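Close look at the chain arrangement
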Amino acid sequence: MLAASGTTNAFVYTHDLYASLVWRWERAYEMAFTSGAGGSVGTPGGWYTEGSNVTVTATPAEGLAFSSWTGNVPEAQRYQATLSFAASQPVTATANFATVYYVRTDGSDAASGLSWAEAKQTLEAAVAAAGSAGTILVSNGVHSINAIWLQVSQPLTIRGVNGPDVTALKAANVNYTADKYRRVMLVNHPGAFISGFTMSNGWHDTGISTDGDGPGALRLLSGTVSNCVVRNNMGAGLSGGVQVGGGLLTHCALFRNTAYRAYGIVGYGGGVTVAGGTVRSCVITNNTAQNNGSGLYQTGGLVQDCLIADNAQMYGDTGSGGGGYVSGGVLERCVISGNLRAWS
């Protein structure tokens with residue numbers, strides 16, 4: 001005979017001769033979510049049974065942006081405003097928020113950058129003002145990159161508000177001497193997110209620069225670059241356009257980039273070289289190289305769901321892979337069409 005039942009951990013009952021008492025235990029974990037200054041979280045947490053879904057969203061106050069979670073959250077979601085995971089351990093996390101900065105071509109680097117009316121003029125100044133974290137919104141127009149390249153080594157979101165068709169980052173190459181070679185961007189932080197730009201006019205010469213082979217425009221080591229166009233760049237050695245060593249390059253178009261020979265360095269990967277990370281859902285077309293892999297040169301990482309078409313090897317060189325040269329990593333579900341091994 002069942003004497004009593006319930007879901008609390010204590011109750012009172014009368015135990016007679018034929019009664020039985022069975023304790024049923026269920027594993028649960030405590031979640032505790034808090035917000036730093038400048039925002040709020042959707043739930044403070046509580047107890048969650050093992051395997052159940054835990055979801056919490058961080059919402060910034062006006063004029064601010066979500067930056068990151070501190071605490072033992074899933075590492076892949078640390079820089080996402082919404083956490084969603086299965087309960088498997090206690091979690092304590094705090095949502096952090098940062099300032100939004102603005103850039104426009106007719107702004108002033110002496111301004112605060114905290115509104116469109118007080119916008120910075122250069123992206124370099126906005127990155128410096130943002131410091132360790134933040135969001136930078138960039139208006140329409142052609143924005144010059146005056147340094148060797150813009151270095152993003154912090155969890156910044158940098159976004160061209162109206163997309164790559166109207167928002168360009170152009171390397172300010174004026175004359176090609178040792179201190180004048182310019183590229184566009186180096187991205188090296190897992191929380192970095194770059195979106196909505198055309199990157200062009202980069203030129204890299206291995207014999208003059210001090211940081212090794214290529215690329216002409218973008219080096220991605222960690223973080224995400226999405227919805228960008230990389231075109232009309234030149235690099236000596238590894239890639240005319242993009243060099244991927246980690247992170248995610250997704251939904252981008254890479255075209256009319258050139259990897260050329262210089263100072264005994266052969267030109268690999270006209271569009272992109274991949275040694276690590278992931279390239280997904282990109283169009284790689286009309287690029288050239290003086291050696292292997294006019295569109296793609298891959299030694300590691302994952303290249304997935306891409307179109308690699310109409311790329312060409314230059315000048316009858318003896319390299320391989322007019323479209324792609326793959327010696328490592330994984331290339332899957334890609335269309336490779338209309339590429340030329342050599343032309344002169």
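The structure reproduced in this document is the subject of the present report. Remember, it's a predicted structure, so these values are computed and weren't measured experimentally.

1. Some thoughts on the packing of aromatic side chains
- Overall, the coordinates contain seven aromatic pairs when judged by the stated rule.
- Seen from their ring centres, F33 and W69 are 6.3 Å apart, and the 65 degrees between their planes marks the pair as edge-to-face. On the criterion of sequence distance, the pair formed by F33 in strand 1 (residues 28–35) and W69 in strand 5 (residues 64–71) is long-range, its members being 36 residues apart.
- Overall, F33 belongs to the buried group, its relative accessible area being 3%.
- Each ring, one from Y268 and one from Y297, has its centre 4.5 Å from the other, and the planes form 5 degrees; the classification is stacked. Within this pair, whereas Y268 is found in the loop between strand 22 (258–260) and strand 23 (272–274), its partner Y297 is found in strand 27 (residues 296–298), the two being separated by 29 residues in sequence.
- Taken together, the aromatic side chains of F33, F66, W69 and F97 make up a single cluster linked through ring pairs.
- Above the face of the W149 ring, R183 is positioned so that its terminal group lies 3.9 Å from the ring centre.

2. Some points on a nonpolar patch on the surface
- Judged by side-chain polarity, F11, W23 and W25 come together as a nonpolar surface patch covering roughly 430 Å² of accessible area.
- By the element assignment, W23 lies in the segment before strand 1.

3. Quick word on the nonpolar core
- Counting 42 residues, the largest nonpolar core has I136, I158, M185, V225 and L249 as the members making the most contacts within it.
- Once residues within four sequence positions are removed from consideration, I136 is found in contact with Y101, V103, L123, A126, V127, A130, L156, T157, I158 and R159.
- Counting residues in each nonpolar core, the second largest holds 17 residues, with Y29, V56, F66 and A95 among its members.

4. Concerning the pattern of salt bridges
- Scanning the entire structure with this criterion turns up five salt bridges.
- The closest approach of N and O atoms between R78 and E75, which form a salt bridge, is 3.0 Å.
- The exposed category is assigned to E75, whose relative accessible area is 53%.
- Of the charged contacts, one joins R333 and E332 as a salt bridge, the two residues approaching to 3.7 Å between their closest N and O atoms.

5. A word on the sheet that holds strand 30 (residues 312–313)
- If you walk across this open sheet you meet the five strands as 15-18-22-26-30, and the pairing is parallel. The outermost strands of the open sheet, each flanked by one partner alone, are strand 15 (203–204) and strand 30.
- For strand 15 and strand 18 (residues 234–236), the ladder comprises two bridges, and the chain directions are parallel. Bridging from a neighbouring strand, W203 pairs with M234 of strand 18.

Rules behind the numbers
Residues numbered from 1 in each chain as written. Predicted model: local features only at pLDDT ≥ 70, side-chain atom pairs only at ≥ 80, totals over all residues. Heavy atoms only, no water. Phe/Tyr/Trp six-rings, centres within 6.5 Å; stacked < 30°, edge-to-face > 60°. Helix = DSSP H or I, 4+ residues; strand = E, 2+ residues; numbered from the N terminus. Buried < 20%, exposed > 50% of the residue type's maximum accessible area, 1.4 Å probe, protein only. Lys NZ or Arg CZ within 6 Å of the ring centre and 35° of its normal. Patch = residues over 30% accessible without salt bridge, like charges linked within 9 Å, V, L, I, M, F, W, Y side chains within 5 Å. Areas by Shrake-Rupley, 256 points an atom, 1.4 Å probe, with all protein chains shown as cover. Salt bridge = Lys/Arg side-chain N within 4 Å of Asp/Glu carboxyl O. Core = buried A, V, L, I, M, F, W, Y, C linked by side-chain atoms within 4.5 Å. Contact = heavy atoms within 4.5 Å. Pairing = 2+ DSSP bridges.

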